[in-house]
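For reference, the chains in residue letters:
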Amino acid sequence: MSQSKRRVSGKVVLLTALMGSAALVAAKAQDALAQAVVDDQQQAQAGAAPVDFNIPAQPLAQALTQFGRQSGLQVAVDAAAVAGKSSGGVYGMMSAQSALQQVLAGTGITYRFTSPTAVSVVGPAPGASGALQLDPVQVQGNLAPSQAEIGNLPPPFAGGQVARGGRVGVLGNRDYMDTPFSSTVYTERTIQNQQALTLTEVVAVDPTIRSIYPQGSLDDRLIIRGFQVFVRDMGMNGLYGINPEPSIGMVGIERVEVFRGPTAMLNGMAANGAIGGTINFVTKRAPDEGIYQATARYMSNLQFGGALDVGKRFGPNKELGLRANAAYSGGNTSVSNNTDDLLQLTLGADYRSENTRMDADFGYQKRIINGPRLGTFLAAGVNVPPAPNAQNNYNQPWEFFSFGDLYGMVRLEHDFSRNFTGYIKAGGRNSTRDSLTTISTLLNTQGGMSGSSIRTLAFLDTFSADVGVRGKFETGSIRHEAAANVTYQKELSGFRNTAGFAPAFANNIYTPQVVAAPNVPGAALTPPAPTSDTVMTSVGLVDSLFMLDDRVQIIAGIRNQRIQLSNFSPITGLVTPATPGSDQGAVTPTVSMVIRPWKEFALYGNYIEALERGPIAGAGTLNAGQAFAPFVSRQFEVGAKLDLGNFGATLSAFQITRPSSFTSAGTFTVDGQQRNSGIEFIVFGEPLPGFKPLGGFTVLDPVLTNTAGGLNNGKTAPGAARFQANLGFDWDMPFLKGVGVSARILYTGQAYIDPANTQVAPAWARVDLGASYTFERPDGKPLTLRANAINVGNANYWMATNGFMTEGLPRTFMLSLTADF
């Protein structure tokens, strides 16, 4: 079968699968929709009006007392059932029902409404004696078991900026104290307070992450633990390969889960390895109380936009949920000659019954950037010149990027019993790219540079699937939480790069000049043919063993992975003789441990691996065409975690070794190695009422340990700063109701550009400020005004990676007004 026919066939299969799954959700929901009117009337009587809750983590009985006072509901409690149990706390504007669900999350306690103004909280055996009345929600039907993912998000931590846990690969959702890895989950509140349009604007608050391009720019590529992480290596609801790229919009995202370190055993092999870590995006679902929200926004210099967020649940027990999001922003940015237009559309649907849960997500993203500021290479032997004025743009106004992404996924979970749940996920995307850009190279310290034009057309079609089972059981005194899964990911890609159609031109980063746009030949506009076909499959098995009243946890797992790659000539469509492809496999194990001598304190350690596709010796080498086995990067990590209810922290020490390749005496070899060792410290929570710190630091020692001829042995790996830190906080001012302020300092140490360590980008720091004001309209609905200033001091600085530099964002103001209806 030809590659073009294969590509069309793949799209048909993908669209058929997604449409069939969506039809199944709709069919299951037919009865629920018929009850929508009745359900609306019940919900209106069951505490649906949003309330601004502020309930810190504490014993459950006390938390329920505060819930009753803040919600105005009368709460009847089974005293024996809640004795000895704790609540993780609740923060933010939500309905009483949603707040009560968060108060009770993880306790095993249930509830039911006895009247529109009264709720009864009971244990596993309803009707037990000892009920007591507390000062002044229809029960959520079909609660998911703990091993389920759909409808089972961990609650927010104190302060509401991060969650108590998130997805840990095949293990599913876990509390951070029971996770033997370093992770942070940023909530929708953080996304909103950052006024984030794309990923880099969210993780700017993270002290362990730095972006390669300015936040909100064209590419969401990150550096975690000294290694690059691409958007293609990130997941959506645990499924990989379906996110828009090179940047992903936040309009339909509820949480951003940051996982630090390799993940091959937990998630399966990533397209580019994901050595330093990965990101998982959790999509929005309709809350029980519904949501009708509109936002208008402005960003300097002349960018305007808006967003709509509409969600509703239907049925007598809220079985069906629909949530739609739409956002658009466009206009001139704070960089000269640069415009950025971004359209985002998402639709999420979910259905829950007694033993089965389904959901689906569909999205479209279109982004057009004119005059993009792309960064520059640095010629060999040239010292790094001072960064130019960040508002100036040395790229040309006729340069552009146009990205289009259509994506979707479906999930199905079924409980075979209360302790065993099976699941299937499937999804895919079609991405296109059209660009005319300049490849720039700095030639001297006076800012002189050369630019050459390149025209690119590309596409990427992916299909991903994940099928597995999770279960809980006991063997004697040992409790098990086990999981097994099979993953499949197929990528068909094609690109056409056309260069040399216009002479190189001279320019200067300090005094940039506009040159005439080149004439692009017609052949450069021919749609690209497929150039590579990649299939990645894996089978994984993992078991968590809990001992000594869950004070000791040991996790052991293994995954067998395979990658098949075929390369094609973009001209003939046939397999390329010099680099035909490869068929490789590897087994990646993991072992980890959590020890909790006290409930508030945990020690952990792990060994885990990352897997990258093996390289192929290129043309001109003595072993041209030789395919090497997959690269296996290995991490050892130990750490400690703290949970005081209203304050949390993670301290970790890690070492990652990554193989690398080079050519020696004409032969391509894979004997190189890079070793990154480091310490990370992260704090979060609300230790004082209204005061919410979020920050930390990373100390890194990235060393090249085995290089060609030993020339650069012992040198610092390029593109990785030895020290970086964030110091930030949000403060709800007690003397001004509804007013909050925030401040954050970001510092990044110097980083080398080249492996020989002769070119160094200086350290940089910037200050970000923010403020918000929430008040009620006469109808009782909230209005929130937010203002943010990025890089208040308008600092000029370089952000460095291997052989490449980009400029930081100039001073940028953002303003938004959000209204609930």
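These notes cover the structure that comes with them. Here the structure is a predicted model, which is why all the values come from computation and not from measurement.

**Brief notes about the overall build of the protein chain**
Each helix and strand in the protein chain was counted, giving nine helices and 47 strands. Burial analysis of the protein chain (821 residues in total) assigns 58% to the buried set. In the structure as shown, the protein chain presents an accessible area of about 31300 Å², 61% of it carried by carbon and sulfur atoms.

**Some words on the side chain of Asp 350**
The topology assignment puts Asp 350 in strand S22 (residues 339-352). Within the structure, the side chain of Asp 350 is placed 2.8 Å from the side chain of Arg 313, a separation counted as a polar contact.

**With respect to the pairing of strand S25 (residues 400-417)**
When you tally the buried positions in S25, you get 13 out of 18 residues, the bulk of the element. Pairing analysis gives 15 bridges linking strand S23 (residues 356-370) to S25, with the strands arranged antiparallel. Bridge pairing in S25 places Lys 366 opposite Gly 404. Pairing of S25 with strand S26 (residues 420-442) involves 17 bridges; the strand directions are antiparallel. Residue pairing across strands places Gly 404 opposite Thr 432, the latter belonging to S26. Connecting the antiparallel pair S25 and S26 is a turn made up of two residues.

**Considering the sheet that holds strand S15 (residues 235-236)**
Spatial strand order, S11-S17-S18-S15-S16: five strands in an open sheet with mixed pairing. Sheet topology places strand S11 (182-186) and strand S16 (239-240) at the edges, where each strand pairs with a single neighbour. Two elements, strand S17 (residues 253-260) and strand S18 (residues 277-283), share seven bridges in a ladder whose sense is antiparallel. Each residue of the ladder has a partner; that of Arg 260, found in S18, is Gly 277.

**Observations concerning the nonpolar core**
One recurring pattern in soluble globular proteins: nonpolar side chains tend to sit buried together. In terms of nonpolar packing, the biggest core is built from 37 residues, with Leu 199, Met 250, Val 256 and Phe 281 touching the most fellow members. If you list the elements that add at least two residues to this core, you get helix H8 (199-202), strand S13 (222-224), S17, S18, S25, strand S33 (601-612) and strand S36 (667-685). Ranked by residue count, the leading element in this core is S17, at three residues. Apart from residues no more than four positions distant in its own chain, Phe 281 is found in contact with Leu 199, Met 234, Gly 235, Met 236, Asn 237, Asn 243, Ile 248, Met 250, Ile 253, Arg 255 and Val 256. Judged by nonpolar contacts, the second largest core, of 23 residues, contains Ile 55, Val 77, Val 90 and Ala 96.

**What about the pattern of salt bridges?**
For the structure on display, the rule yields 42 salt bridges. Here Arg 232 and Glu 491 are joined by a salt bridge, their closest N and O atoms 3.6 Å apart. Taken together, the residues Arg 232 in the loop between strand S14 (227-229) and S15 and Glu 491 in strand S28 (residues 478-499) connect sequence positions 259 residues apart. For Arg 232, a relative accessible area of 25% gives the class partly exposed. Across the salt bridge formed by Glu 612 and Arg 658, the nearest N and O atoms sit 2.8 Å from each other.

**Topic: helix H6 (residues 96-104)**
Taken across its nine residues, H6 has eight buried, putting it largely inside the fold. Among all positions of H6, only Ala 96, Gln 97, Ser 98, Ala 99, Leu 100, Gln 102, Val 103 and Leu 104 are buried. Of the residues flanking the end of H6, it is Gly 106, one or two places downstream, whose phi is positive at about 80°.

**Topic: the packing of helix H4 (residues 60-71) against H6**
Between H4 and H6, the shortest axis-to-axis distance is 10 Å and the interhelical angle comes to 170°. Considering the angle they form, H4 stands roughly antiparallel to H6. Residue-level inspection shows Leu 60, Ala 63, Leu 64, Phe 67 and Ser 71 of H4 in contact with H6, the latter providing Ala 96, Ala 99, Leu 100, Val 103 and Leu 104. Of the residues contributing to the contact of H4 with H6, the split by class is nine nonpolar, one polar and no charged.

**Description of a nonpolar patch on the surface**
A cluster of nonpolar side chains, Leu 651, Ile 679, Val 699, Phe 723 and Tyr 747, forms an exposed patch at the surface whose accessible area comes to about 390 Å². Note on placement: Phe 723 falls in strand S39 (residues 723-732). Phe 723 gets classed as partly exposed once you look at its relative accessible area, which sits at 35%.

**Things to note about the packing of aromatic side chains**
One pass over the structure, following the stated rule, counts 20 aromatic pairs. Considering the side-chain rings of Tyr 176 and Phe 684, the 5.5 Å spacing of their centres and the 75° angle between planes classify their relative orientation as edge-to-face. Pair noted here: Tyr 176 is in the loop between strand S10 (173-175) and S11 and Phe 684 is in strand S36, with a separation of 508 residues, a long-range link. Taken individually, Tyr 176 and Phe 684 each receive the classification buried, so the pair is uniform in this respect. Summarising the aromatic geometry, the rings of Tyr 213 and Phe 804 are spaced 6.4 Å apart at their centres and angled 55° between planes, so their arrangement reads as tilted. Note that Tyr 213 is positioned in the loop between strand S12 (209-211) and S13 and Phe 804 in strand S46 (residues 804-807), a separation of 591 residues in sequence. The exposure class of Tyr 213 is buried, given its relative accessible area of 9%. By relative accessible area, Phe 804 is classed as buried at 12%.

Criteria and cut-off values
- Residues numbered from 1 in each chain as written.
- Predicted model: local features only at pLDDT ≥ 70, side-chain atom pairs only at ≥ 80, totals over all residues.
- Heavy atoms only, no water.
- Helix = DSSP H or I, 4+ residues; strand = E, 2+ residues; numbered from the N terminus.
- Buried < 20%, exposed > 50% of the residue type's maximum accessible area, 1.4 Å probe, protein only.
- Areas by Shrake-Rupley, 256 points an atom, 1.4 Å probe, with all protein chains shown as cover.
- Polar contact = N/O pair within 3.5 Å; in protein donor to acceptor, adjacent residues only side chain to side chain.
- Pairing = 2+ DSSP bridges.
- Core = buried A, V, L, I, M, F, W, Y, C linked by side-chain atoms within 4.5 Å.
- Contact = heavy atoms within 4.5 Å.
- Salt bridge = Lys/Arg side-chain N within 4 Å of Asp/Glu carboxyl O.
- Axes fitted to C-alpha atoms, helices over the stretch in contact; angles between N-to-C directions.
- Parallel < 35°, antiparallel > 145°, perpendicular 65-115°, else oblique.
- Nonpolar A, V, L, I, M, F, W, Y, C, P; charged D, E, K, R; others polar.
- Patch = residues over 30% accessible without salt bridge, like charges linked within 9 Å, V, L, I, M, F, W, Y side chains within 5 Å.
- Phe/Tyr/Trp six-rings, centres within 6.5 Å; stacked < 30°, edge-to-face > 60°.

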